[in-house]
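What follows is the residue order along each chain.
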Amino acid sequence: MMNFVLVPGAWLGGWAWDEVAAALRADGHGVYPVTLSGVAERRGPDAGQQQHIDDIVAVIEDNDLQDVVLAGHSYSGIPVGQAAGRIGDRLRRVVYVDSNIPTDGKSFVDGWSDEGRAWVQEQLTASGGFWPPLTAEDYADQDLSDETIALIVSRSTPHPGRAITEPAVVTRPITELPTTYIKCLLDGATASSDVANHLESPTWDLVELPTGHWPMFSQPTALAKILSGC
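Please read all numbers here as calculations on a predicted model, not as lab measurements. The residue count restarts for each chain, going from 1 along the sequence in the order it is written. This being a predicted model, a pLDDT of at least 70 is required before a residue's local features are given, and a value of 80 or more before pairs of side-chain atoms are given or counted; all residues contribute to the totals for chains, interfaces and linings. Only hydrogens and water are removed before side-chain values are computed, so all heavy atoms of the structure are retained for them.

## Here's the deal with the side chain of Thr 179
Helix and strand assignments follow DSSP, with helices taken as H or I runs no shorter than four residues and strands as E runs no shorter than two, numbered in order from the N terminus. Structurally, the position occupied by Thr 179 is in strand E7 (residues 179–184). Residue classification places Thr 179 among the buried positions, given a relative accessible area of 0%. What makes two residues a contact is simply this: any of their non-hydrogen atoms within 4.5 Å. With residues near it in sequence (within four places) discarded, Thr 179 still touches Arg 93, Val 94, Tyr 96, Ile 174, Thr 203, Trp 204 and Asp 205. Throughout this description, buried means an accessible area under 20% of the type-specific maximum (1.4 Å probe, protein chains only), exposed means over 50%, and partly exposed covers the range between.

Below is the structure:
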């Protein structure tokens, strides 16, 4: 049996993985959802990206986990990819769930347009350094029920701004690590160019899932099946 360390994307706590975690535990796996510093029940002072990496590594080391499948959704692909390089032979596989991937020296927002970066900076300035959560309208057409959207919106909390603006520090090339990239097709039919380039590595596999950007809510059983196949 494997140990799954599940890291949610921006604005969300470990609770976002509840249905996926239940399915994996039913199959006998160990499951460790992570709430990153500054978010959800750990909401508090601003936290940076390196703190998020430390959060992930601490869960693995404090629980002395082996045979780890380390999964990151959306923003959290960036700290997950860096954490994977720090845990050595504890790692079984990295899984990026429709996520960003880390590029040494670049932040989460560095690939955005000038207008997009300016929009984020305006939001961070207006909210005291935090990135405000999405609204219900932002979850439209993503295979989510109205009830699920209401749940996500009600439980989301502002995301630490430093985490999305600090550059990644990649200590081990992520192409060297056994990796699955899950592309959620309602959020775009193809992976980004940087992900496509990494998929040329023989250690990387692509899995497509016909759902929206939040598959832990829209297709938890299918997502758990993909994870357990790692």
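What follows picks up the thread again.
## Overview of the pattern of salt bridges
For this document, the term salt bridge refers to a Lys or Arg side-chain nitrogen within 4 Å of an Asp or Glu carboxyl oxygen. With the rule as written, the count across this model stands at 10 salt bridges. Residues Arg 92 and Asp 67 are paired through a salt bridge, measuring 3.2 Å at the closest nitrogen-oxygen approach. Here Arg 92 is found in strand E4 (residues 91–97), whereas its partner Asp 67 is found in the loop between helix H2 (49–62) and strand E3 (68–73), with 25 residues between them in sequence. With a relative accessible area of 28%, Asp 67 lands in the partly exposed category. Ionic pairing is found between Glu 166 and Arg 162, a salt bridge with its closest N-O pair at 2.9 Å. The exposure class of Arg 162 is partly exposed, given its relative accessible area of 38%. Look at the salt bridges and you will find they share partners, linking Asp 46, Arg 162 and Glu 166 into a network.

## Structural notes on the packing of H2 against helix H3 (residues 77–84)
One can describe the packing of H2 onto H3 by two numbers: an axis separation of 9 Å at closest approach and a directional angle of 55°. The angle between H2 and H3 falls in the class oblique. H2 and H3 meet at a crossing whose hand is right-handed. Residue-level inspection shows Gln 49, Gln 50, His 52, Ile 53, Ile 56 and Val 57 of H2 in contact with H3, the latter providing Ile 78, Pro 79, Val 80, Gln 82 and Ala 83. Throughout this entry, Asp, Glu, Lys and Arg are counted as charged residues, while Ala, Val, Leu, Ile, Met, Phe, Trp, Tyr, Cys and Pro are counted as nonpolar. The remaining residues, Gly among them, count as polar. Of the residues contributing to the contact of H2 with H3, the split by class is seven nonpolar, four polar and no charged. Lines fitted to C-alpha atoms define the axes, with helix axes restricted to the stretch in contact, and inter-axis angles between N-to-C directions lie between 0 and 180 degrees. Angular relationships are summarised with four words: roughly parallel below 35 degrees, roughly antiparallel beyond 145, roughly perpendicular across 65 to 115, and oblique for the angles in between. The sense of a crossing depends on the near helix, which, turned anticlockwise from the far helix by less than a right angle, makes the crossing left-handed and, turned clockwise, makes it right-handed.

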